[in-house]
Amino acid sequence: MKYKTMQPVLDNSLPIGKNWIYEVKYDGFRCLVHWDEAKVELISRNGKSLTKQFPEVSAFFTEQTRQIKEHLPIVLDGELVILNTLYQSDFYTLQTRARMSNKERIHKEMSKRPAHLLAFDILEWEGNKLTAPYTERKKQLEHLFRLLNLSLSIEQAVPFGYVKSFTRKQDIQQCMDDHLGEGIVAKLRPALYEAGKNEKWKKIKNWRTITGIVTGYHQQNDYFDITIFDKNESLYPIGKCKHGLDQTEKETLVQAVKERGTKKRNYYQVPPAICMDIHCLGIHGGELREPVFHGFRLDVQPEDCTLSQLDWQLSMPPKD
């Protein structure tokens, strides 16, 4: 039986109430584990096999098959990750591994940075689709871990981990702040598993807010170049931003860019004058991760947007 995953809806704040529980959102690949006596398959959300790229994970389940065979087939839902800490993962190292096809290279990378399948749900047990509420499915997942003599936690040495639930908002928020994690998923206790985006699961990003300078505008695709000043007081690009501006804000910014900038074909180069706050999940490879416009900063001078300020902003816990 094939499954389409249940997907959380992005929200700005955590829902509160006794019916909500909270889990860490890891930065990885959403992954279903199809596990029977004959084989183990790791399947991504878009239906792509990840089995060959992450042999340490599939091998772990294969090794446990004899111990658990009376309960197979089993289908698990979780996140395939490479961990930095128990609550923070490295998406780009994972992405690089997923693109590999050479077995020798895969095994070399595997020995340096092994992957983990972190399970938060179980969809099938003994070949039967589980239709119970979320908390009941979670108990079934706990039962599986006990049968495998595994703790209900995440261990670096074991490629199969359990994503625990938090009942108190402040506890998981503290965990996110301490580890600079990607975010939180809130789930309704009585929620059944339903394919596609669903309001019964909500994800909240653990945004960092950085301040940058607009120094360019790509008219063809509506991207704005964002820069800061480096230690030598030279402009240093940190990425592009397009999303988050409402129509009025976009029109205001485009007008300012055209008034101040110099046009060359479909690109406007702008002297450093316009500062803005941007929500992001960090920077990788010289590019902001998931940048979203947050607001203009008329109180900030361009020369205040520096590399040292950027490092400080990225290291600080998000503000409520």
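Worth saying up front: this structure is predicted, and the values here are computed from it rather than measured.

Comments concerning the overall build of the chain
Stage number 1. Along the backbone of the chain there are seven helices and 20 strands.
Stage number 2. Principal-axis analysis of the C-alpha atoms gives the chain an extent of 70 × 50 × 35 Å.
Stage number 3. Taken across its 320 residues, the chain has 49% of its residues classed as buried.
Stage number 4. In the chain, the share of contacts with a sequence separation of at least 24, taken over all contacts with a separation of at least 6, comes to 68%.
Stage number 5. Put simply, the chain shows about 16,800 Å² of open surface, and 47% of that area lies on carbon and sulfur atoms.
Stage number 6. Measuring between centres, the 46 positive side-chain charges of the chain sit 4 Å from its 42 negative side-chain charges.

A short note on the pairing of strand β1 (residues 6-10)
Stage number 1. Across the five residues that make up β1, a large majority, four, are buried.
Stage number 2. The pairing of β1 with strand β12 (residues 196-205) spans five bridges and is classified as parallel. Looking at the pairing, P8 lines up with N198 of β12.

Some remarks on the sheet that holds strand β2 (residues 20-25)
Within a sheet, neighbouring strands are paired by backbone hydrogen bonds and run either parallel or antiparallel to one another.
Stage number 1. If you walk across this open sheet you meet the four strands as β1-β12-β11-β2, and the pairing is mixed. Of all strands in the sheet, those with a lone pairing partner are β1 and β2, marking the two edges. With direction set aside, neighbouring strand axes in the sheet form an average angle of 40 degrees.
Stage number 2. Here β2 runs beside strand β11 (residues 183-188); their pairing, made up of six bridges, is antiparallel. Each bridged residue has a counterpart across the sheet, and for K25 the counterpart in β11 is G183.

Examining the nonpolar core
Stage number 1. Ranked by internal contacts, the top residues of the largest apolar core, which has 34 residues, are W35, F61, L80, L144 and F160.
Stage number 2. When residues of this core are traced back to their parent elements, those giving at least two are β3 (29-35), β4 (40-44), α1 (55-68), β5 (74-81), α2 (91-98), β8 (116-125), α4 (134-147) and β10 (160-162).
Stage number 3. Not counting chain neighbours up to four residues away, the residues in contact with F61 comprise V33, W35, V40, L76, L117 and F160.
Stage number 4. One finds Y22, Y87, C175 and A191 within the second-largest nonpolar core, a separate group that totals 29 residues.

Quick notes on the packing of aromatic side chains
Stage number 1. What the rule picks out here adds up to 14 aromatic pairs.
Stage number 2. Taken together, the ring pairs in this structure connect W35, F60, F61, F145, F160 and Y162 into an aromatic cluster.
Stage number 3. The ring of Y162 has K138 sitting right over it, with the charged end atom 5.0 Å from the ring centre.
Stage number 4. It is K187 that lies over the ring of W201; its NZ or CZ is 4.0 Å from the centre.

Things to note about the pattern of salt bridges
Stage number 1. Enumeration according to the criterion identifies 22 salt bridges in this entry.
Stage number 2. A salt bridge links D27 to R289; the nearest nitrogen and oxygen atoms lie 2.3 Å apart. Of the two residues, D27 is situated in the loop between β2 and β3 and R289 in the loop between β19 (287-288) and β20 (292-296); the sequence distance between them amounts to 262 residues. With respect to class, D27 is no different from R289; both count as buried.
Stage number 3. D90 is paired through a salt bridge with R113; the nearest N and O atoms lie 3.6 Å apart. Of this pair, D90 sits in the loop between β7 (88-89) and α2 while R113 sits in the loop between α3 (103-112) and β8, and the two are 23 residues apart along the sequence.
Stage number 4. Overall, R113 belongs to the partly exposed group, its relative accessible area being 27%.

Thresholds applied
Starting from 1, residues in each chain are numbered consecutively following that chain's sequence as written. The model is predicted, so local features are restricted to residues of pLDDT at least 70 and side-chain atom pairs to those at 80 or more, both for listing and for counting; the totals for chains, interfaces and linings are taken over all residues. To obtain the side-chain values, all non-hydrogen atoms of the structure were included, while hydrogens and water were left out. Starting at the N terminus, helices and strands are each numbered in turn, a helix being any DSSP run of H or I of at least four residues and a strand any DSSP run of E of at least two. Any residue under 20% of the maximum accessible area for its type is buried, any over 50% is exposed, and the rest in between are partly exposed; the area is computed with a 1.4 Å probe on protein chains only. The contact criterion used throughout is that any non-hydrogen atoms of two residues lie within 4.5 Å. We get accessible surface area from the Shrake-Rupley algorithm with a probe of 1.4 Å; when it comes to residues, only the shown protein chains can shield them. Note that His is not counted, nor are the chain ends; the positive residues are Lys and Arg, and the negative ones are Asp and Glu. To locate a charge, the coordinates of NZ of Lys, CZ of Arg, CG of Asp or CD of Glu are taken. Whether two strands pair comes down to DSSP finding at least two bridges between them. Every axis corresponds to a line fitted to the C-alpha atoms, with the helix fit spanning only the stretch in contact, and the corresponding angles, defined between N-to-C directions, vary from 0 to 180 degrees. Only buried Ala, Val, Leu, Ile, Met, Phe, Trp, Tyr and Cys residues count toward a nonpolar core, and they belong to the same one when joined by side-chain atoms within 4.5 Å. Only Phe, Tyr and Trp rings are paired, with Trp represented by its six-membered ring, and only when their centres lie within 6.5 Å; those with planes under 30 degrees apart are stacked, over 60 edge-to-face, the remainder tilted. Charge over a ring is defined by NZ of Lys or CZ of Arg lying within 6 Å of the ring centre and within 35 degrees of the ring normal. Should a side-chain nitrogen of Lys or Arg be within 4 Å of a carboxyl oxygen of Asp or Glu, the pair is scored as a salt bridge.

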